[in-house]
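Commentary on secondary and tertiary structure
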Amino acid sequence: SVFDCGQIYYQAFPCVRIVQPDEFSIGPHADVAYGHHPCSVNFYVPLTKIGDTASLFLESEPGKEDWHPIVGEYGDTVKHFA
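In this text, all values refer to a predicted model and were calculated from it rather than measured experimentally. Counting from 1, residues in each chain are numbered in the order their sequence is written. Restriction of local features to residues with pLDDT of at least 70 applies here, the model being predicted, together with a cutoff of 80 or more for giving and counting side-chain atom pairs; totals for whole chains, interfaces and linings are based on all residues. Calculation of side-chain values draws on the structure's entire complement of heavy atoms; hydrogens and water are dropped beforehand.

**Comments concerning the overall build of the protein**
- What counts as a helix is a DSSP run of H or I of at least four residues, what counts as a strand is a run of E of at least two, and both are numbered from the N terminus. Counting its regular elements, the protein contains 0 helices and 4 strands.
- Each helix and strand of the protein, ordered N terminal to C terminal, gives the series β-β-β-β.
- Exposure is judged per residue with a 1.4 Å probe applied to protein chains only, and the accessible area is read against the type maximum: over 50% gives exposed, under 20% gives buried, and values in between give partly exposed. Counting over 82 residues, the protein shows a buried share of 17%.
- The criterion used for residue contact is that any of the two residues' heavy atoms lie within 4.5 Å. Taking the contacts inside the protein whose residues are at least 6 apart along the sequence as the reference set, 55% of them involve residues at least 24 apart.
- In these tables, accessible area is a Shrake-Rupley quantity obtained with a 1.4 Å probe, and a residue counts as shielded only by the protein chains included in the view. Entry remark: accessible area of the protein is about 6,600 Å², with carbon and sulfur atoms responsible for 56%.

Below, the structure written as structure tokens:
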């Protein structure tokens, strides 16, 4: 691989997004499009039930563009790549 994914990096100031019902957050999302390292890992922790249009949409693999919503319940932790 071109990237060294064997090291641990972390964001100094974590990003916390709070979106209220009927409010737009972000569309299909890939952190690498915003300059994050391709080996970055995110943890999505919903405060309510999520899925369908009430969720973040991700790819199953970088560049695959098979966007799907994260599905989960309050208290779940969903780990995903950037």
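**Regarding unusual backbone geometry**
- Look at Glu65: it is not a glycine, yet its phi comes out positive at around 55°.
- In this structure, Glu65 sits in the loop between strand E2 (57-58) and strand E3 (68-69).
- Under the relative-accessibility criterion, Glu65 is labelled exposed at 60%.

**Brief notes about the side chain of Glu59**
- Along the polypeptide, Glu59 turns up in the loop between E2 and E3.
- Charge counting treats Lys and Arg as positive and Asp and Glu as negative, with His and both chain ends excluded. By salt bridge we mean one thing: a side-chain nitrogen of Lys or Arg within 4 Å of a carboxyl oxygen of Asp or Glu. For the buried Glu59, which has no salt bridge, the nearest side chain bearing the opposite charge is Lys64, at an N-O separation of 9.5 Å.
- Any pair of nitrogen or oxygen atoms within 3.5 Å is treated as a polar contact; in protein, a donor-acceptor pairing is required on top of that, and neighbouring residues in sequence qualify only through side-chain atoms on both sides. Within the local environment of Glu59, its side chain forms a polar contact with the backbone nitrogen of Lys64, the two atoms lying 3.1 Å apart.
- Only 2.7 Å separates the side chain of Glu59 from the backbone nitrogen of Glu65, close enough to count as a polar contact.

**Here's the deal with the side chain of Ser55**
- The topology assignment puts Ser55 in the loop between strand E1 (41-44) and E2.
- Under the relative-accessibility criterion, Ser55 is labelled buried at 13%.
- Within the structure, Ser55 has its side chain in polar contact with the backbone oxygen of Ile70 (distance 2.5 Å).
- With residues up to four places along the chain from it excluded, the contact list for Ser55 reads Tyr44, Ile50, Pro69 and Ile70.

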